[in-house]
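Listed here are the chains, written in short residue letters.
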Amino acid sequence: NAGVTQTPKFQVLKTGQSMTLQCAQDMNHEYMSWYRQDPGMGLRLIHYSVGAGITDQGEVPNGYNVSRSTTEDFPLRLLSAAPSQTSVYFCASSPRDRGEKLFFGSGTQLSVL
Amino acid sequence: AQSVAQPEDQVNVAEGNPLTVKCTYSVSGNPYLFWYVQYPNRGLQFLLKYITGDNLVKGSYGFEAEFNKSQTSFHLKKPSALVSDSALYFCAVRDYGNNRLAFGKGNQVVVIP
């Protein structure tokens, strides 16, 4: 079982560039989410989705877009990268029940110069 | 909105001694509480959760946690720490009424041989 797959693992961008971080899961999970991890700040929720066609904002959504056209995929788009978006990004999924644990991907380390 | 506080940045403990990592939470309704562990350059892994029932929950790798509603706490414990327990530990809470899972800033645990 692949679980949650994130690509790429590393990325360097220049300020103003756009890119998409990919996330796919093969567990038929309804719930998917994106977090960013910064030193001393823990994980902060960017966007989440409870099913195909449904997305909602988390704690720090500005500068990021998401869509959920299929159950499996939940890409995160940076429209115009800024140095403040330098971070490690994690995608996570779970069954829809709020008591279920999250399964995390291995992360994408993004640097914006 | 729900939130989590992990008051200590780092916890140092000698191998074989008891390990405690503190967590307090804030929610408007009944909480779903989780502990996750992160090893270097890896995604987060689930340790244990409290949903309802017995206040003492047991999880992976010999860890346990005690839910205390009056103190709004969910401290993680292990009776005898191992060097391999050195990692970053995150407490997380989800309010019964919504889909957002909020994480604390994390505690670095260092087990000294």
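Please read all numbers here as calculations on a predicted model, not as lab measurements.

A. Summary view of the packing of aromatic side chains. Scanning the model with the defined rule gives 14 aromatic pairs over all chains in all. Ring geometry for F90 of chain B and F103 of chain B: centres 6.3 Å apart, planes at 85°, overall edge-to-face. With F90 of chain B in strand β10 (residues 87-95) and F103 of chain B in strand β11 (residues 101-103), the pair connects residues that are 13 residues apart, well separated along the chain. Comparing F90 of chain B with F103 of chain B shows no difference in burial state: the two are buried. Within the aromatic cluster, the residues linked to one another by ring pairs are Y35, F90 and F104 of chain A together with F34, Y36, F46, F90 and F103 of chain B. Between the NZ or CZ atom of R68 of chain A and the centre of the ring of F74 of chain A, over which it lies, the distance is 5.9 Å.

B. Molecular detail of the interface of chain B and chain A. Taken together, the contact pairs 23 residues of chain B with 22 residues of chain A. Taken together, both faces of the contact between chain B and chain A bury some 1800 Å²; the carbon and sulfur share is 52%. For the pair chain B and chain A, the number of links is four residue pairs in polar contact (both at pLDDT 80 or more). Of all elements in the fold, only β5 (31-38), β6 (44-50), β10 and β11 of chain B reach the threshold of two or more residues within the side of chain B that touches chain A. For the side of chain B that touches chain A, the per-class residue count stands at 11 nonpolar, six polar and six charged.

C. Main features of the nonpolar core. Residue and element names in this part refer to chain B. L19, W35, L47, L48, F74, L76 and Y89 are the most contacted members of the largest nonpolar core, which has 27 residues in total. Listed by contribution, the elements that provide at least two residues to this core are β2 (10-14), β3 (19-21), β5, β6, β8 (64-68), β9 (73-78), β10 and β12 (107-112). Top contributing element to this core by residue count: β10, with four residues. Setting aside anything within four residues of it in sequence, one finds L19 in contact with V11, V13, F63, L76, K77, K78, A81 and V109.

D. Representation of the sheet that holds strand β7 (residues 64-66) of chain A in the model. Residue and element names in this part refer to chain A. Within the open sheet, the four strands sit side by side as β1-β3-β8-β7. Their pairing is antiparallel. Because the sheet does not close on itself, it has two edges, and the strands there are β1 (4-7) and β7. Going from strand to strand, the sheet's axes swing by 20° on average, the running direction of each strand aside. As paired elements, strand β3 (residues 19-25) and strand β8 (residues 76-78) share three bridges and run antiparallel to each other. By the bridge assignment for β8, L21 is matched with L76.

E. Quick look at the state of the cysteines. Under the criterion given, the structure shown has two disulfides over all chains. A sulfur-sulfur distance of 1.9 Å marks the disulfide that ties C23 of chain A to C91 of chain A. Taking the torsion about the sulfur-sulfur bond, which here is approximately -70°, the covalent link between C23 of chain A and C91 of chain A counts as left-handed. Here the residue C23 of chain A occupies a position in strand β3, and C91 of chain A occupies one in strand β9 (residues 87-94), the gap between them amounting to 68 residues. Residue C23 of chain A is classed as buried on the basis of its relative accessible area, which comes to 2%. Each disulfide pairs two cysteine sulfurs, and for C23 of chain B the partner residue is C91 of chain B, the sulfurs being separated by 2.0 Å. Torsion about the S-S bond of the C23 of chain B and C91 of chain B cystine: about -60°, corresponding to left-handed handedness.

Scoring rules and cut-offs
- Residues numbered from 1 in each chain as written.
- Chains lettered and ligands numbered in written order.
- Predicted model: local features only at pLDDT ≥ 70, side-chain atom pairs only at ≥ 80, totals over all residues.
- Heavy atoms only, no water.
- Phe/Tyr/Trp six-rings, centres within 6.5 Å; stacked < 30°, edge-to-face > 60°.
- Helix = DSSP H or I, 4+ residues; strand = E, 2+ residues; numbered from the N terminus.
- Buried < 20%, exposed > 50% of the residue type's maximum accessible area, 1.4 Å probe, protein only.
- Lys NZ or Arg CZ within 6 Å of the ring centre and 35° of its normal.
- Contact = heavy atoms within 4.5 Å.
- Buried area = accessible area lost by both parts, 1.4 Å probe.
- Polar contact = N/O pair within 3.5 Å; in protein donor to acceptor, adjacent residues only side chain to side chain.
- Nonpolar A, V, L, I, M, F, W, Y, C, P; charged D, E, K, R; others polar.
- Core = buried A, V, L, I, M, F, W, Y, C linked by side-chain atoms within 4.5 Å.
- Pairing = 2+ DSSP bridges.
- Axes fitted to C-alpha atoms, helices over the stretch in contact; angles between N-to-C directions.
- Disulfide = S-S within 2.5 Å.

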